[in-house]
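A structural walkthrough
So the chains spell out like this:
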Amino acid sequence: MVAMIKNILLVAAGGALGSAGRYGLTLLASQLQLRAEWATFAANVLGSLLIGLFLCGPKSEYFLFYTVGICGGFTTFSTFSAQSLRLLHDGQYAWALLYIVGSIAVSLAMVALGWYCRQKIWG
């Protein structure tokens, strides 16, 4: 029971940090006068790189903090899905296709890059 409560607290703390980081990207995109989709794209790509780094490393007691917590709070698949639907609904088909395919392809590549870097750098 104590271990379960500890894990819940680790996920909650990581989720708070990840969510704050995600909001920071939104603020940055706004300051740079970029479309909101770019902040979501950046969060998904960076989150994918981070989870790639975390997944192939040793499973420490903070594994849930990093993966479920930080990466889960930081990445934004539900926002990505809603924005994709909005673009399609608004008839912006080319932008929607680029956004959907680009997000998935680049995020997959970043997970692979994170995994590769983790193994090369930290063994």
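In this numbering scheme, every chain counts its residues from 1 along its sequence in written order. This being a predicted model, a pLDDT of at least 70 is required before a residue's local features are given, and a value of 80 or more before pairs of side-chain atoms are given or counted; all residues contribute to the totals for chains, interfaces and linings. As a rule here, side-chain values cover all heavy atoms of the structure and leave hydrogens and water aside.

**Considerations on the overall build of the protein chain**
Put simply, DSSP H or I for four residues or longer makes a helix, DSSP E for two residues or longer makes a strand, and each gets a number counted from the N terminus. Scanning the protein chain from terminus to terminus reveals five helices and zero strands. The helix and strand sequence of the protein chain, counted from the amino end, reads α-α-α-α-α. Counting only C-alpha atoms and orienting by the principal axes, one finds that the protein chain spans roughly 50 × 30 × 25 Å. When accessible area is computed with a 1.4 Å probe and restricted to protein chains, residues below 20% of their type maximum are described as buried, those above 50% as exposed, and intermediate ones as partly exposed. Considering the protein chain as a whole, with its 123 residues, one finds that 34% of them fall into the buried category. Any pair of residues with heavy atoms lying within 4.5 Å of one another is described as a contacting pair. Look at the contacts in the protein chain between residues 6 or more apart in sequence, and 74% of them connect residues 24 or more apart. With the model as given, the accessible surface of the protein chain reaches about 7500 Å², and the carbon-plus-sulfur share is 73%. Using a 1.4 Å probe, accessible areas were evaluated by the Shrake-Rupley method; residue-level cover was limited to the displayed protein chains.

**Side note on unusual backbone geometry**
Positive phi is not limited to glycine here, since Gln-33 has a value of about 55°. If you trace the backbone, Gln-33 turns up in the loop between helix H1 (2-31) and helix H2 (36-55). Its relative accessible area of 74% is what places Gln-33 among the exposed residues.

**So, the packing of H1 against H2**
The contact between H1 and H2 brings their axes to 9 Å, and the two run at 140°. What the angle tells us is that H1 and H2 run oblique. Viewed along their axes, H1 and H2 form a crossing whose handedness is right-handed. Residue-level inspection shows Arg-22, Leu-25, Thr-26 and Ala-29 of H1 in contact with H2, the latter providing Ala-39, Thr-40, Ala-42, Ala-43 and Leu-46. Three classes are used, and their members are as follows: Ala, Val, Leu, Ile, Met, Phe, Trp, Tyr, Cys and Pro are nonpolar, Asp, Glu, Lys and Arg are charged, and the others, Gly among them, are polar. Split by residue class, the contact of H1 with H2 holds six nonpolar, two polar and one charged. Here an angle of 0 to 180 degrees is reported between the N-to-C directions of two axes, which are lines fitted to C-alpha atoms, with helices fitted over the stretch in contact. Angles are sorted into four bins: roughly parallel if under 35 degrees, roughly antiparallel if over 145, roughly perpendicular if 65 to 115, and oblique for all others. Note on convention: near helix rotated counterclockwise from far helix by under a right angle means a left-handed crossing. Clockwise means right-handed.

**As for the pattern of salt bridges**
Should a side-chain nitrogen of Lys or Arg be within 4 Å of a carboxyl oxygen of Asp or Glu, the pair is scored as a salt bridge. The full count for this structure, using the stated rule, is four salt bridges. Between Arg-86 and Asp-90 there is a salt bridge, with the nearest N and O atoms lying 3.8 Å from each other. By relative accessible area, Arg-86 is classed as partly exposed at 38%. Three or more residues are tied together by salt bridges with common partners; here these are Arg-35, Glu-37, Arg-86 and Asp-90.

**Structural notes on the confidence of the model for the protein chain**
The predictor attaches a confidence to each residue, and that confidence, scored 0 to 100, is pLDDT. Residues with a pLDDT of 70 or more make up 100% of the protein chain, whose mean pLDDT is 93. The secondary structure element of the protein chain with the lowest average pLDDT is helix H4 (residues 77-89), at 90, and the one with the highest is H1, at 96.

**Some thoughts on the environment of Ser-84**
By the secondary structure assignment, Ser-84 is in helix H4. According to the relative accessible area criterion, Ser-84 is buried, its value standing at 5%. Sequence separation of Ser-84 and Ala-96 is 12 residues, and the distance between their C-alpha atoms is 5.7 Å. For Ser-84, the residues in contact, after removing those within four places along its chain, are Ala-96, Tyr-99 and Ile-100.

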